[in-house]
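Each chain is listed here by its residues.
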Amino acid sequence: MIETRIKGCTARRFGYGGLLLTMLLAAAVPAISADDKPTETIDATAMGTSTQMGKTVSVKVIINQYSTQADRQVLVDAFKKGQHQGLVKALQNMKPVGRIAITGTVGTDLAYIALIPSPTGRKIRFATNRPIRFAEAYGNTQSTAFDLTAGEFDLNDSDKNKSGGVLYPAAQLIINKQGQLQFELRQNPWKLVNIIDWNGAGSQEK
């Protein structure tokens, strides 16, 4: 992990195995339309790491439906064509499939939610454009480049206490000098704990 200082913003860089890349490349289960299933809700506590150590916020994710393989392919193609900005534009044009609300914010629509089976249960990955605050846009700060929000819930069906996750409030994808995809964060990732899956989101029993 490499840290760089950019006009007061701390960027954390991740290699090809970064969450957004995994999200785009992973094969999700077929989506179920919103008409065929009820809305699902997941609550969690986000705990700060490193320079945000000790800080906590509440996170609520509402899932109206899961994105399709076609949606995933749109994102893959958009990134190949336009890199980060292509991905941002594609997410912007997608019909919302859910919503995320973090303490201190009014919440925002989620453009992409993927459901992926795991050995212990299910992973639910999400990504959307990050709303840029007026002060950021007015000041033309470097933070405006980190205009994606992404995260993952790792739900353990046999032991709920082992469920976890990660939240990337502000992120971007870049291609480094070696031509490799690289995931950059503004500041640090947040650890998701105390996860409550109210409706058994994506479970096979539903």
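Enquirer: Explain the overall build of the protein to me, please; I cannot follow it from the model alone.
Expert: Within the protein, the regular secondary structure consists of three helices and 12 strands. Counting all 206 residues of the protein, 48% fall into the buried class. Taking the contacts inside the protein whose residues are at least 6 apart along the sequence as the reference set, 61% of them involve residues at least 24 apart. Per element, the accessible surface of the protein, about 10800 Å² overall, is 53% carbon and sulfur.

Enquirer: Just checking my understanding: could you explain the pattern of salt bridges for this structure?
Expert: One side chain can pair with another of opposite charge once the charged atoms of both are near each other. Scanning the model with the defined rule gives seven salt bridges in all. A salt bridge links Lys60 to Asp43; the shortest N-O distance between them is 2.8 Å. Of this pair, Lys60 sits in strand 4 (residues 56-63) while Asp43 is found in strand 3 (residues 40-48), placing the two residues 17 residues apart along the sequence. Glu152 is paired through a salt bridge with Arg125; the nearest N and O atoms lie 2.4 Å apart. Of this pair, Glu152 sits in strand 9 (residues 148-156) while Arg125 sits in strand 8 (residues 121-129), and the two are 27 residues apart along the sequence. Taken together, the salt bridges that share partners define one network made up of Lys123, Arg125, Glu152 and Asp154.

Enquirer: Just checking my understanding: could you explain the packing of aromatic side chains for this structure?
Expert: Two descriptors summarise a pair of aromatic rings, namely the distance from one centre to the other and the angle between the planes of the rings. Enumeration over the complete set of coordinates arrives at one aromatic pair. When the ring of Phe126 is compared with that of Phe153, the centres are 5.8 Å apart and the planes differ by 40°; the resulting orientation is tilted. Of this pair, Phe126 sits in strand 8 while Phe153 sits in strand 9, placing them 27 residues apart in sequence. Relative accessible area serves as the criterion here: at 1%, Phe126 is assigned to the buried category.

Enquirer: Which parts of the structure should I look at to understand the nonpolar core?
Expert: Where a protein is soluble and globular, its nonpolar side chains tend to be buried together. Core analysis: the biggest nonpolar cluster contains 21 residues, and Ile124 and Phe153 have the highest contact counts within it. Those elements that provide at least two residues to this core are strand 3, strand 4, strand 7 (112-118), strand 8, strand 9 and strand 12 (190-197). If we ignore the near neighbours within four places in the chain, the residues touching Phe153 are Ile42, Ala44, Val61, Arg122, Lys123, Ile124, Phe126, Gly164, Gly165, Leu192 and Ile195.

Enquirer: Looking at this structure, how should I read the pairing of strand 7?
Expert: On a regular strand, each side chain points to the face opposite its neighbour's, so the side chains alternate between the two faces of the sheet. Taking burial as the measure, the seven residues of strand 7 include six buried ones, the bulk of the element. Across seven bridges, the pairing between strand 7 and strand 8 is antiparallel. Its bridge partner being in strand 8, Tyr112 is matched across the sheet by Ala127.

Enquirer: Before we go on, may I ask you to explain the side chain of Asp43 in this structure?
Expert: Overall, Asp43 belongs to the buried group, its relative accessible area being 17%. A polar contact is formed between the side chain of Asp43 and the side chain of Lys60, at a distance of 2.8 Å. The contact partners of Asp43, leaving out residues within four places of it in the chain, are Val59, Lys60, Asn194, Ile195, Ile196 and Trp198.

Enquirer: Is there a simple way to explain the confidence of the model for the protein in this structure?
Expert: The predicted coordinates ought not to be read in detail in places where the model reports low pLDDT. Of the residues in the protein, 64% have a pLDDT of 70 or more, and the chain-wide mean is 76. Predicted confidence in the protein is weakest over strand 1 (residues 2-6), with a mean pLDDT of 30, and strongest over strand 4, with 95. Below pLDDT 50 for its whole length, residues 1-10 participates in 23 contacts with residues either more than four positions away or in separate chains. Here residues 134-140 is modelled with pLDDT under 50, and outside its nearest four sequence neighbours on either side it reaches seven contacts, counting other chains as well.

Basis of the calculations
Residues numbered from 1 in each chain as written. Predicted model: local features only at pLDDT ≥ 70, side-chain atom pairs only at ≥ 80, totals over all residues. Heavy atoms only, no water. Helix = DSSP H or I, 4+ residues; strand = E, 2+ residues; numbered from the N terminus. Buried < 20%, exposed > 50% of the residue type's maximum accessible area, 1.4 Å probe, protein only. Contact = heavy atoms within 4.5 Å. Areas by Shrake-Rupley, 256 points an atom, 1.4 Å probe, with all protein chains shown as cover. Salt bridge = Lys/Arg side-chain N within 4 Å of Asp/Glu carboxyl O. Phe/Tyr/Trp six-rings, centres within 6.5 Å; stacked < 30°, edge-to-face > 60°. Core = buried A, V, L, I, M, F, W, Y, C linked by side-chain atoms within 4.5 Å. Pairing = 2+ DSSP bridges. Polar contact = N/O pair within 3.5 Å; in protein donor to acceptor, adjacent residues only side chain to side chain. pLDDT = per-residue confidence, 0-100.

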